[in-house]
Amino acid sequence: MFLKNYVIYLLFGSMLKNYYTLNQLVKEFRSLIGKVIVDAFTQSKNNLIIKFYDYEEQFQILQFSCLTNLEAIFLRRNFERSRANSTDIFPQIIGEKVADISLVENNRVIKMHLTEADLYFFLFGGSRNNAFLVSREGKILQSFLKPKNYVNKFLVELFEEQKLPQDSTVFDYISKHKFLGKIYADLIVEELGLNRNLLFKQLDKKFREDLDTYLNKFISKLLSSNEYFVYFAKDKYLVSLIQLPKFELQKSFKSISDAVSFTFVNNVKNIENLKEIKSIETFFLKRINFLRAKLEQANRNEQILKQTESYKSFADLLISQPNLKIKGKNLIRLVDFEGKEVTIPLKPEYDLLENAQIYYDKAKRLQEKIKQQADKKEKIKNELKFYEKALKELEQLKDTKEINDFKKRFKELMEQKEQKGQNTENRFRKFKIGPDTLVYVGKNAANNDELTFGFAKPHDYWFHARGVGGSHCILKLPKGKSPSKELLERAAQIAAYFSKAKNSKYVPVSYTQKKYIRKPKGAPSGTVLLEREEVIFVNPKIPQEGSDDF
């Protein structure tokens, strides 16, 4: 369902790196000529921000995204650098003035000519998206992404070779050789009534000439556009230099950067929406499959529970015998009320009357189980219908608002999803040592790691018998509460009990807050280092079941 749609979404393309979109962007970027670069940094994955200044207190911001399927370059209205989590990029270009900006011919590459060097922005797609600082001789001085792979190479090695393969179709010729991309190619093929799978080499010379004439006019129309359109199609926003009647128009712009920015931002949101929908769908499907399995099990149990009739029949036959005091038999062969011979297993230590009572009791218990099973089955059916209904509604969701509305309407299900890790604590032993105070105990080395580094919070207290093997123990307290001496002692007693020193009279137990525990790199499961440590001597002991008393 959604996975299929998500794949379509990724393949469809938003035309943010379309050659002619880049051409229009470069026209706007020429407003940067004469401006000085005052900052270049990144503060989110694969996104480069460059800030320009013109000495008249006017700043311009260029954003370059290398994200796969979200590759884009555009001018932003504003962007404030975060004080934390940002990294300087290309420090050599600070203070450099922009001398010129151009689109490298027949390549989705923008060149920014600076005073001392050049910046190149590659929008080839996927791992080939990158920005490079290049010397006048064409050698790569620095790379935004994966510098070890590119520094000291020559930029010319990275350019795509523009060559039409022999087996190219008409569609390939239009979309790739003429750089129009799939969406414009689809439009042209449809308008001209062409067979998109027809090999280009099969076209006669006159047809090729006529096709090129048409394509050149189409390209001129793209290059002269002064209005830019954003559409929503196949779960993705896309920008176009001309109107596309078959798609749903979202907005039009007079600035190509504004159109690209709007498309980019909404596609980022849309990807997050799709991920959330996929996450919810996965949760629902797991629950539906679980309920279906439970329903199948309930149906199988019903078949097994039909034994109740045979048990009652056995009891009736036994009680109808003339001598009910017979003992010592493992089985008895009798003729039932329909004249058929029946073999009935017996417990030799009981007489026939007592064996009959055993079968009556079994029949009664099974009848009760049948009733319980029927009630449970109905409950499973109702829950299954509920989840299936929710899943159908989920399939129709499109945007953030609809997702939020869905989550409100199915609040209970969403809470279950958010709390699906709530059973984490059930993977550990658990002891109540106070009115609202619990101690969790690991069951093995891997479980110890999960307890300490996955479940425990920084301010929880960690315990372990000192100098011997044993379980990690975590003392959880209500927020803002510090442990009393008594609670520390009780938790330590549990840690001592679940250690190899459990039979000793007094055991030293180390304890500290979880935030002072770390795991050495490459250390085996269950191994930790304590940055701070206190030691308490206790008698190994655990609370009585169902009580907080020792």
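The structure we're discussing is the one just above.
My aim in this report is to walk through the structure given alongside it, one point at a time. None of these values were measured; they are calculated from a predicted model.

Calculation rules
- Residues numbered from 1 in each chain as written.
- Predicted model: local features only at pLDDT ≥ 70, side-chain atom pairs only at ≥ 80, totals over all residues.
- Heavy atoms only, no water.
- Pairing = 2+ DSSP bridges.
- Helix = DSSP H or I, 4+ residues; strand = E, 2+ residues; numbered from the N terminus.
- Contact = heavy atoms within 4.5 Å.
- Axes fitted to C-alpha atoms, helices over the stretch in contact; angles between N-to-C directions.
- Parallel < 35°, antiparallel > 145°, perpendicular 65-115°, else oblique.
- Left-handed = near helix turned anticlockwise from the far one by under 90°.
- Nonpolar A, V, L, I, M, F, W, Y, C, P; charged D, E, K, R; others polar.
- Core = buried A, V, L, I, M, F, W, Y, C linked by side-chain atoms within 4.5 Å.
- Buried < 20%, exposed > 50% of the residue type's maximum accessible area, 1.4 Å probe, protein only.
- Salt bridge = Lys/Arg side-chain N within 4 Å of Asp/Glu carboxyl O.
- Patch = residues over 30% accessible without salt bridge, like charges linked within 9 Å, V, L, I, M, F, W, Y side chains within 5 Å.
- Areas by Shrake-Rupley, 256 points an atom, 1.4 Å probe, with all protein chains shown as cover.

**Let's talk about the sheet that holds strand β3 (residues 59–65)**
Working step 1: Pairing in this open sheet of 5 strands is antiparallel, and the strands run β4-β3-β2-β1-β5 from one edge to the other. Of all strands in the sheet, those with a lone pairing partner are β4 (72–76) and β5 (87–88), marking the two edges.
Working step 2: Relative to β5, strand β1 (residues 36–44) runs antiparallel, the two sharing 2 bridges. By the bridge assignment, Thr 42 is partnered in β5 with Thr 87.
Working step 3: Across the sheet, helix α2 (residues 19–29) touches β3 and β4, and the angle it forms with β4 is around 30°.

**A few points about the packing of helix α4 (residues 170–177) against helix α5 (residues 181–192)**
Working step 1: Between α4 and α5, the shortest axis-to-axis distance is 8 Å and the interhelical angle comes to 135°. By the angle class used here, α4 and α5 are oblique. In terms of crossing hand, the pair formed by α4 and α5 is right-handed. Along its contact with α4, which presents Phe 171, Ile 174 and Ser 175, the element α5 presents Gly 181, Lys 182, Ala 185, Asp 186, Ile 188 and Val 189.
Working step 2: Its residues assigned to classes, the contact of α4 with α5 comprises 5 nonpolar, 2 polar and 2 charged.

**Describing the nonpolar core**
Working step 1: Ile 73, Met 112, Phe 121, Ile 174 and Leu 180 are the most contacted members of the largest nonpolar core, which has 77 residues in total.
Working step 2: When sequence neighbours within four positions are dropped, the list of residues in contact with Phe 121 reads Leu 48, Ile 50, Leu 62, Phe 64, Ile 73, Arg 108, Val 109, Ile 110, Met 112, Asn 130 and Ala 131.
Working step 3: The next biggest cluster of nonpolar side chains, apart from the first, holds 24 residues, and it includes Phe 463, Ala 491, Ala 501 and Val 509.

**Observations concerning the pattern of salt bridges**
Working step 1: Scanning all chains against the criterion turns up 20 salt bridges.
Working step 2: Across the salt bridge formed by Arg 81 and Asp 39, the nearest N and O atoms sit 2.9 Å from each other. Of this pair, Arg 81 sits in the loop between β4 and β5 while Asp 39 sits in strand β1, placing them 42 residues apart in sequence.
Working step 3: In this structure, Lys 519 and Asp 449 form a salt bridge, with 3.1 Å as the shortest nitrogen-oxygen distance. Highlighted residues: Lys 519 in the loop between β21 (517–518) and β22 (529–530) and Asp 449 in helix α12 (residues 445–455), separated in sequence by 70 residues.
Working step 4: The partly exposed category is assigned to Lys 519, whose relative accessible area is 29%.
Working step 5: You can call Asp 449 buried: its relative accessible area is 15%.
Working step 6: Because the salt bridges share partners, they merge into one network encompassing Asp 39, Arg 81 and Asp 88.

**What about a nonpolar patch on the surface?**
Working step 1: A cluster of nonpolar residues, Tyr 506, Val 535 and Phe 537, forms a patch on the protein surface that exposes about 350 Å² of accessible area.
Working step 2: Here Tyr 506 lies in the loop between α13 (485–497) and β20 (507–513).
Working step 3: A relative accessible area of 56% means that Tyr 506 is categorised as exposed.

**A short note on unusual backbone geometry**
Working step 1: The phi dihedral of Asn 46 falls on the positive side, at around 65°, and the residue is not glycine.
Working step 2: Relative to the elements of secondary structure, Asn 46 occurs in the loop between β1 and β2 (47–53).
Working step 3: Of note in the backbone geometry, Lys 146 takes a positive phi value of approximately 50° without being a glycine.
Working step 4: Examined against the element boundaries, Lys 146 turns out to sit in the loop between β10 (140–143) and α3 (147–150).

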